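# Descriptive analysis of the structure
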Amino acid sequence: VTRRHPQSGRGVSAPFSDPYRQTEPRVIPYVDLALRIVSKAMLMGPEATANVLEMIKQSDLPRKETATCLMYLRDRIGVPRDMTFAQARQLRAYLNLVVDNL
């Protein structure tokens, strides 16, 4: 999730395949916190959205870097390989909730 754009490498035919990307170490703590918020939001359920929005505001995460990483993850969730369609839909929804409120 914490990958930056590749500097060089051969092209690949799959549009979301990016084997030449490298990890961006400075964003790991931000993404870790954002994913903890997503996890907590999923466990608390939709009735706790106000609490989740407050957690996002208090986290003071850098918008650009965190949003980029969360959208990268959102776009690469594999169904059915990683989870069922319904589970993937929920995860994407909560990732979008965090991204939209950073």
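Refer to the structure above for everything that follows.
Residues numbered from 1 in each chain as written. Predicted model: local features only at pLDDT ≥ 70, side-chain atom pairs only at ≥ 80, totals over all residues. Heavy atoms only, no water.

### Looking at the nonpolar core
Val38, Val52, Leu70, Leu95 and Val98 are the most contacted members of the largest nonpolar core, which has 17 residues in total. Broken down by secondary-structure element, the contributors of at least two residues to this core are α1 (28-44), α2 (49-59), α3 (63-75) and α4 (85-100). Those residues in contact with leucine 70 that sit more than four places away from it in its chain are Ala34, Leu35, Leu95, Val98 and Val99. (Core = buried A, V, L, I, M, F, W, Y, C linked by side-chain atoms within 4.5 Å. Buried < 20%, exposed > 50% of the residue type's maximum accessible area, 1.4 Å probe, protein only. Helix = DSSP H or I, 4+ residues; strand = E, 2+ residues; numbered from the N terminus. Contact = heavy atoms within 4.5 Å.)

### A look at the packing of α1 against α4
Interaxial distance between α1 and α4 falls to 9 Å at its minimum, and their mutual angle equals 125°. Judged by the inter-axis angle, α1 sits oblique to α4. The way α1 lies across α4 gives a crossing that is right-handed. Across the interface between the two elements, Leu35, Ile37, Val38, Ala41 and Met42 of α1 pack against Gln90, Leu91, Tyr94, Leu95 and Val98 of α4. Of the residues that constitute the contact of α1 with α4, the class distribution is nine nonpolar, one polar and no charged. (Axes fitted to C-alpha atoms, helices over the stretch in contact; angles between N-to-C directions. Parallel < 35°, antiparallel > 145°, perpendicular 65-115°, else oblique. Left-handed = near helix turned anticlockwise from the far one by under 90°. Nonpolar A, V, L, I, M, F, W, Y, C, P; charged D, E, K, R; others polar.)

### Considering α3
If you check α3, its first and last C-alpha atoms are 18 Å apart, about what 13 residues at 1.5 Å a residue would give, namely 18 Å. Listed as buried for α3 are Thr66, Ala67, Cys69, Leu70 and Tyr72. (Expected span 1.5 Å × (residues − 1).)

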